[in-house]
Amino acid sequence: MSMIILFPVLVALFFLLVHILAYTRIVEHLHICNSTRKALYFFLFVNMTAILGYVASRYLFSPPKLLYFFLSLSIGVGFVLFMGIVLYEFLRLIQRLVPFQEEKRRFFKRSSDIGFLALGSTYIGAGVLEGSKEPAVHYVDIDQKRFNGKRYTIVQISDMHIGGLIDKAFVAKSVAAINRLNPDLVTITGDLADAHIDILKDAVGELRHLKSRFGTYYVVGNHEYFHSIDDTIAYMKELGIHVLENSSLKIDDFYIAGVYDLAGFRADTHIPDIYEAMWGIPQDASTLLLAHQPKYIDYLEGFTPSLILSGHTHGGQIWPFGYLVTLAQPYLKGLHSLGDNRHIYVNSGIGFWGPPMRLGSHSEITCITWS
């Protein structure tokens with residue numbers, strides 16, 4: 001089964017299981033009246049239907065923006081239900097293990113059920129509020145003493161996920177914010193779009209207005225493989241953006257290189273190749289490498305780029321899912337040392353995937369001073 005079909009099928013099956021467990025393991029055990037229980041059952045049914053609508057909208061149709069907001073929000077509710085199942089099972093375990101008297105047991109059950117529902121509602125509200133905030137500029141100073149006092153300003157954006165709620169106005173506003181930073185170069189580290197590029201040309205086309213001394217450089221992320229990666233790459237080149245396809249070039253006093261995403265191994269196309277990307281770069285040269293996933297550091301094959309820029313993780317996007325991300329990725333967000341005078345920076349993403357929610361992470365435009 002191709003990635004284009006497998007991914008939405010797995011998403012739908014996962015959330016279907018979550019909703020079934022939410023009813024059988026939570027709703028059926030809540031200390032509530034039957035009418036409220038029926039209302040919660042109806043809510044779960046509607047939310048699961050909305051999730052199926054969201055998945056379909058990514059591939060089959062483009063709903064109005066307001067409808068898309070509620071469809072995408074259903075994904076966030078699904079994640080909250082998943083965490084709620086774990087929390088509620090823990091509360092039930094306490095009730096069984098702690099030797100409460102029957103009256104105290106009923107009080108604990110009633111209180112914990114009320115608190116559980118209130119916590120879930122507050123969590124969703126806080127996530128939506130944080131997700132609605134505009135991306136903030138995050139300033140990072142990386143002093144490697146490489147350029148004899150010269151300093152380069154690099155603006156990085158990642159994981160914009162254009163499509164749905166991330167529209168032309170969002171891209172235009174982001175471009176204006178980047179241009180105000182007066183960068184030497186702009187880098188885009190993958191997951192740019194979440195639909196076929198033909199649908200998104202007006203929005204993606206705003207990137208042609210990016211201004212910098214040395215231009216804009218782009219590498220694909222895993223989501224580009226879902227929506228005709230060749231068409232996306234071709235359109236980015238039409239915009240005058242440098243697409244790094246296991247390739248490199250020299251910019252002033254350093255080289256910039258970029259690789260395809262690790263998803264290429266599963267898709268069996270556009271496969272990352274560090275040897276091809278670093279070909280012709282002197283071993284002692286200062287090198288900036290763009291690689292969508294931070295775990296690409298495990299595929300460097302002995303090459304030692306001076307600075308690696310990555311994304312993919314969204315900084316966890318919604319707490320506590322960052323802990324799950326760290327099971328697959330070596331770094332969640334921010335700046336990290338890779339050894340003597342070498343670093344990787346993991347961008348938390350300028351957009352979001354799925355629900356318009358963030359909690360414990362912030363959308364960002366990164367302004368890096370590299371010296």
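Residues numbered from 1 in each chain as written. Predicted model: local features only at pLDDT ≥ 70, side-chain atom pairs only at ≥ 80, totals over all residues. Heavy atoms only, no water.

## A closer look at empty space enclosed by the protein
Summed over the entire model, instances satisfying the criterion amount to three cavities of 30 Å³ or more. Roughly 100 Å³ of volume is contained in the largest cavity. As for the largest cavity, its lining consists of Phe7, Pro8, Val11, Tyr54, Val55, Arg58, Tyr59, Asp194, His223, Phe226, His227 and Trp353. Of all the secondary structure elements, the ones that give two or more residues to the lining of the largest cavity are helix 1 (3-25) and helix 2 (34-57). Among the elements that take part in the lining of the largest cavity, helix 1 stands out by supplying three residues, more than any other. Here the residues of the lining of the largest cavity are counted per class, giving eight nonpolar, two polar and two charged. In this structure, the second largest cavity occupies an estimated 40 Å³ of space. Along its surface, the second largest cavity is lined by Arg58, Tyr68, His161, Gly163, Leu165, Ile166, Phe352, Trp353 and Gly354. (1 Å grid on protein atoms, 1.4 Å probe; cavity = no way out; pocket = protein on both sides within 12 Å on 5 of 7 lines; lining within 4 Å. Points joined across faces, edges and corners; volume = space filled by probe spheres on them. Helix = DSSP H or I, 4+ residues; strand = E, 2+ residues; numbered from the N terminus. Nonpolar A, V, L, I, M, F, W, Y, C, P; charged D, E, K, R; others polar.)

## A short note on the pattern of salt bridges
Across all of its chains, the model carries eleven salt bridges by this definition. Between lysine 65 and aspartate 167 there is a salt bridge whose closest N-O contact spans 2.6 Å. Here lysine 65, found in helix 3 (residues 65-97), pairs with aspartate 167, found in the loop between strand 2 (152-157) and helix 5 (168-179); they are 102 residues apart in sequence, far enough to count as distant. Between lysine 237 and glutamate 245 there is a salt bridge whose closest N-O contact spans 2.8 Å. Looking at glutamate 245, the relative accessible area reads 21%, which means it is partly exposed. Each of the salt bridges in this network shares a partner with another, and the network as a whole consists of Lys150, Asp252 and Asp253. (Salt bridge = Lys/Arg side-chain N within 4 Å of Asp/Glu carboxyl O. Buried < 20%, exposed > 50% of the residue type's maximum accessible area, 1.4 Å probe, protein only.)

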